[in-house]
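Understanding the architecture of this molecule
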Amino acid sequence: MAIPGGLAGWCLAHLAIGVAGTWLARRYALHRELIDQPGERRSHVLATPRGGGIAIVFSAALALGWMALANAIPAHWIACVGTGLALVAGIGWLDDHRPLSPWSRLAVQAMAAALVAVALLLDGRGPGTAVLGFATVMVLANVWNFMDGIDGLATSQALLVALAWAWLAWPGPIAWLLLAVAAACLGFLPFNLPRARIFLGDVGSGSLGYLLAVGLLWLPVDALHWPWLAWLPLSAFLVDATLTLSLRILRRERWWTPHLQHAYQRWTAMSGRHAPVAFASLFARLLPVAEHPDAVAETVVCTILVTWISVGMTAVVSRRLDIARHRAEAELRAMARIDPLTGLLNR
């Protein structure tokens, strides 16, 4: 695909879009009072604007438009994938302005996932692949939304995964789309780390998951000897989201509502800071990504170790938090039994 300025020009252009778009989105959010307030079910302690992910969406939309003009990819693919992105980003943008029912968001995301499945069928893929594509979009769009709970985490992970998959897809058209996403994420990050001045919002988190699903589904079939290895950079996010969601369902909690039970949220509560958790997660994901594609055994072992060490740390942190909470509750009960006048225990 002929690009003026080549690879460097493409990446710099989308980096600039990420920076300028996020700056404009922040001004818009402040003007419209699109603010996330701190609360007992949120990890942040300062009121922060939301909706900065619209810059990443705009960057990806421009990349799709350029790919269409350059005839780099079939028209049906652009139509299906582009419309799906508009649906996911649109429902997220509306939700950032006024809260919507989670079921309405899921319904629109399902429409976008169905369009991706249609694109796969039109590409000559089988029904099984189309079903997998539908599920992949639904899972990643929601996992990225679930995991966007502290500064820098969701965006840095998307940046790393997009770069890894762009390398595998190079020099195909999907690599250029993934590079645009990665560059826009890089432009957004200075506004989100080390202390967030704006959040992705639902428009950003859902769209990132959608775009990564598209990138994964259209990786070249010969990119890896074992295609399932492409899922490994996602493993920690998938394990955290799956375990947390499963436990909340088993406890009959309202699993679709905000909470502070994810592993990264518990680490943040223990450390009191967001940036170390985001950087530690990024480093952990660099290990499997940095492995050579042919080093299958080393990559699998590395990813399994990182994932289960994360699970183990979550269990330890959760246990310590539970112990601290029980002690605090016991002290409050004891204080409630003391007569404020005599200082003696009430019988």
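All values reported here derive from a predicted model rather than from experimental measurement.

Attention now goes to the pattern of salt bridges. Enumeration over the complete set of coordinates arrives at 1 salt bridge. Here Arg-105 and Asp-95 are joined by a salt bridge, their closest N and O atoms 3.3 Å apart. With Arg-105 in helix 4 (residues 102–122) and Asp-95 in helix 3 (residues 75–97), this residue pair connects regions lying 10 residues apart in the sequence. Of the two residues examined, Arg-105 and Asp-95, each falls in the buried class.

What follows covers the side chain of Asp-96. Here Asp-96 is to be found in helix 3. For the buried residue Asp-96, which engages in no salt bridge, the nearest side chain bearing the opposite charge is Arg-50, 4.2 Å off. Contact partners of Asp-96, with chain neighbours within four places excluded, come to Leu-34, Arg-50, Gly-51, Gly-201, Asp-202 and Val-203.

Attention now moves to the side chain of Gln-109. Along the chain, Gln-109 turns up in helix 4. The residues contacting Gln-109, other than those within four sequence positions of it, are Met-138 and Asn-142.

In this section: the packing of helix 1 (residues 6–32) against helix 7 (residues 173–188). Geometry of a packed helix pair, given as the angle between the helix axes and the separation of the axes. The geometry of helix 1 relative to helix 7 is characterised by a closest axis approach of 7 Å and an angle of 40° between their N-to-C directions. Relative to helix 7, the element helix 1 lies oblique. Both helix 1 and helix 7 take part in a crossing whose hand is right-handed. Taking contact as the criterion, the partners of Gly-6, Leu-7, Trp-10, Cys-11, His-14, Leu-15, Gly-18, Val-19 and Thr-22 in helix 1 are, on helix 7, Trp-176, Leu-179, Ala-180, Ala-183, Ala-184, Leu-186, Gly-187 and Phe-188.

Attention now goes to the packing of aromatic side chains. On inspection of all chains with the given rule, the structure shows 4 aromatic pairs. Here the aromatic rings of Trp-10 and Trp-176 are separated by 5.6 Å at their centres, their planes lie at 90°, and the arrangement is edge-to-face. On the criterion of sequence distance, the pair formed by Trp-10 in helix 1 and Trp-176 in helix 7 is long-range, its members being 166 residues apart. Trp-176 shares its class with Trp-10; the two are buried. Summarising the aromatic geometry, the rings of Trp-170 and Trp-176 are spaced 5.1 Å apart at their centres and angled 40° between planes, so their arrangement reads as tilted. On the basis of relative accessible area, Trp-176 is assigned to the buried category, the value being 6%. Clustering of aromatic rings is evident, with ring pairs tying together Trp-10, Trp-170 and Trp-176.

What counts and what doesn't
Residues numbered from 1 in each chain as written. Predicted model: local features only at pLDDT ≥ 70, side-chain atom pairs only at ≥ 80, totals over all residues. Heavy atoms only, no water. Salt bridge = Lys/Arg side-chain N within 4 Å of Asp/Glu carboxyl O. Helix = DSSP H or I, 4+ residues; strand = E, 2+ residues; numbered from the N terminus. Buried < 20%, exposed > 50% of the residue type's maximum accessible area, 1.4 Å probe, protein only. Lys, Arg positive; Asp, Glu negative; His and termini not counted. Contact = heavy atoms within 4.5 Å. Axes fitted to C-alpha atoms, helices over the stretch in contact; angles between N-to-C directions. Parallel < 35°, antiparallel > 145°, perpendicular 65-115°, else oblique. Left-handed = near helix turned anticlockwise from the far one by under 90°. Phe/Tyr/Trp six-rings, centres within 6.5 Å; stacked < 30°, edge-to-face > 60°.

These figures capture arrangement, not role.
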